[in-house]
Amino acid sequence: MVRRWAGRCAASLALAVALFLLAAWIGSSIPCNAVWREPAQGVEIMVETNGVHTAIVMPLVTPQKDWRADFPVSDIAAPDRPYTHVSVSWGEREVFLHTPTWADLSPFTVLRILALGGDGLIHAAHYVRPAPAEDIRPLRIGEADYARLVRRIEADLPPRASRQVHRGYGDYDAFYDAPHRYTPFNTCNQWTSDTLAAAGIRTGWWTPFAGGVMKWVPQR
C-alpha cells in the first residue's frame, strides 16, 4: 500500500514537472512585441546568462541615464576601476545572498521557494568593456526603447536614501533590496523578459528559464 502510494506520488510529481517544462517551452515561444526589430542605430545593451540566470547589461552612462547615481561604486569593494557598464538582474533574496555557487543551493531552499516563494533582490555588477560572447549577447535598441527600459528598472529600485546594500559575490558587485515576490511563475528570467517587453523589445511571453530569454537574443 505504501509502495503504491509512493509510486503514485512520484508519477504525479514527474507529470507536474513535465507539464511545467512544456508550458515554459510554449510560453517562451510566444513573442511579446512580435513586430519589433533591432534598429540600425541606437543604444547597445547586452543580455547575459550563466545558463540558469539572466541579466541586462547597460552602458554606465548615456544621454538617457547615468546609472552611477543608482549603483555608485562606493557600494562595491573595488571602486577605482574604469567601469563602463552595469549588469542588472532580479532574483530571490536568500538564493542571491547565500548561494555564491549553485553547489551551495540547498534542496530545502528550492522546496521553500516552490511552496512559498521568496522576497526579491536586485543584483548590480560593474563591468569594464564587456566583450560579446555566446553568454553575453549585444542587442541594439532605439533611444526611446532604452528610455522605457530605464524607467522600468528604476521602478524596481527603492529610494536611494532608504535602500539597503548587501555585499556581492566579488569586489565589483552588490545587492539591493527590491520589490516583488519570487515564485516558480515569476522568476529572475521572467523579470528580464518583462523588463525588455516593457521597453517594447521582442522577447518571450513567459520565460521561467534562461534559455527562454536567450533564444530571442541572436548571437552575432
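Preceding this paragraph is the structure being described.
What you see is a predicted model, and the numbers here were worked out from it, not measured in a lab. (Residues numbered from 1 in each chain as written. Predicted model: local features only at pLDDT ≥ 70, side-chain atom pairs only at ≥ 80, totals over all residues. Heavy atoms only, no water.)

Visitor: I'd like to hear about a nonpolar patch on the surface, residue by residue, with values.
Guide: On the surface, a nonpolar cluster with roughly 660 Å² of combined accessible area is contributed by Leu19, Leu22, Trp25, Ile26, Ile30 and Trp205. Looking at where leucine 22 falls in the secondary structure, it is placed in helix H1 (residues 2–29). The exposure class of leucine 22 is partly exposed, given its relative accessible area of 45%. (Patch = residues over 30% accessible without salt bridge, like charges linked within 9 Å, V, L, I, M, F, W, Y side chains within 5 Å. Areas by Shrake-Rupley, 256 points an atom, 1.4 Å probe, with all protein chains shown as cover. Salt bridge = Lys/Arg side-chain N within 4 Å of Asp/Glu carboxyl O. Helix = DSSP H or I, 4+ residues; strand = E, 2+ residues; numbered from the N terminus. Buried < 20%, exposed > 50% of the residue type's maximum accessible area, 1.4 Å probe, protein only.)

Visitor: Can you lay out the sheet that holds strand E8 (residues 173–182) for me, pointing to particular residues and giving the numbers?
Guide: Reading across from one edge, E6-E2-E3-E4-E5-E8-E7 is the order of the seven strands in this open sheet, with antiparallel pairing throughout. Every other strand in the sheet has two partners, leaving strand E6 (136–141) and strand E7 (165–167) as the edge strands with one partner each. Neighbour to neighbour, the strand axes of the sheet diverge by 30° on average, direction disregarded. When strand E3 (residues 54–59) meets strand E4 (residues 85–92), the two strands line up antiparallel, connected through four bridges. Counterpart to isoleucine 56 in the pairing with E4 is valine 88. (Pairing = 2+ DSSP bridges. Axes fitted to C-alpha atoms, helices over the stretch in contact; angles between N-to-C directions.)

Visitor: Go over the packing of aromatic side chains, please, and point to the residues and values.
Guide: For the structure shown, the criterion picks out six aromatic pairs. With a centroid separation of 5.4 Å and 55° between ring planes, the pair formed by phenylalanine 71 and tyrosine 176 is classed as tilted. Note that phenylalanine 71 is positioned in the loop between E3 and E4 and tyrosine 176 in strand E8, a separation of 105 residues in sequence. With respect to burial, phenylalanine 71 and tyrosine 176 carry one shared label: buried. (Phe/Tyr/Trp six-rings, centres within 6.5 Å; stacked < 30°, edge-to-face > 60°.)

Visitor: Report on helix H5 (residues 188–198), specifying residues and quantitative values.
Guide: Of all 11 residues making up H5, eight are buried, and the element is well covered by its neighbours. The set of residues buried in H5 consists of Cys188, Asn189, Gln190, Trp191, Thr192, Ser193, Thr195 and Leu196. Residue glycine 200 follows H5 closely and has a positive phi angle near 90°.

Visitor: Hey, could you go over the side chain of histidine 126 for me, with residue numbers and the actual values?
Guide: One can find histidine 126 in strand E5 (residues 118–127). Relative accessible area serves as the criterion here: at 3%, histidine 126 is assigned to the buried category. Polar contacts involving the side chain of histidine 126 include one to the main-chain carbonyl oxygen of phenylalanine 71, which spans 3.3 Å. With sequence-adjacent residues up to four places away left out, histidine 126 is seen in contact with Leu60, Phe71, Pro72, Val73, Ile76, Tyr83, His85 and Tyr172. (Polar contact = N/O pair within 3.5 Å; in protein donor to acceptor, adjacent residues only side chain to side chain. Contact = heavy atoms within 4.5 Å.)

Visitor: Lay out the packing of helix H4 (residues 143–155) against H5 in plain terms, naming residues and giving numbers.
Guide: The contact between H4 and H5 brings their axes to 8 Å, and the two run at 135°. Compared by their axis directions, H4 and H5 come out oblique. In this structure, the crossing between H4 and H5 has a hand that is right-handed. Counting all contacts with H4, which are made through Arg148, Leu149, Arg152 and Ile153, the residues of H5 involved are Trp191, Asp194, Thr195, Leu196 and Ala198. (Parallel < 35°, antiparallel > 145°, perpendicular 65-115°, else oblique. Left-handed = near helix turned anticlockwise from the far one by under 90°.)

Visitor: Which residues make up unusual backbone geometry, and what values go with them?
Guide: In this structure, asparagine 33 is a non-glycine residue whose phi angle is positive, near 55°. With respect to the helices, strands and loops of the structure, asparagine 33 is situated in the loop between strand E1 (31–32) and strand E2 (43–49). Its identity as a non-glycine residue notwithstanding, arginine 129 has a phi of 45°, on the positive side. The residue arginine 129 is located in the loop between E5 and E6 in this model.

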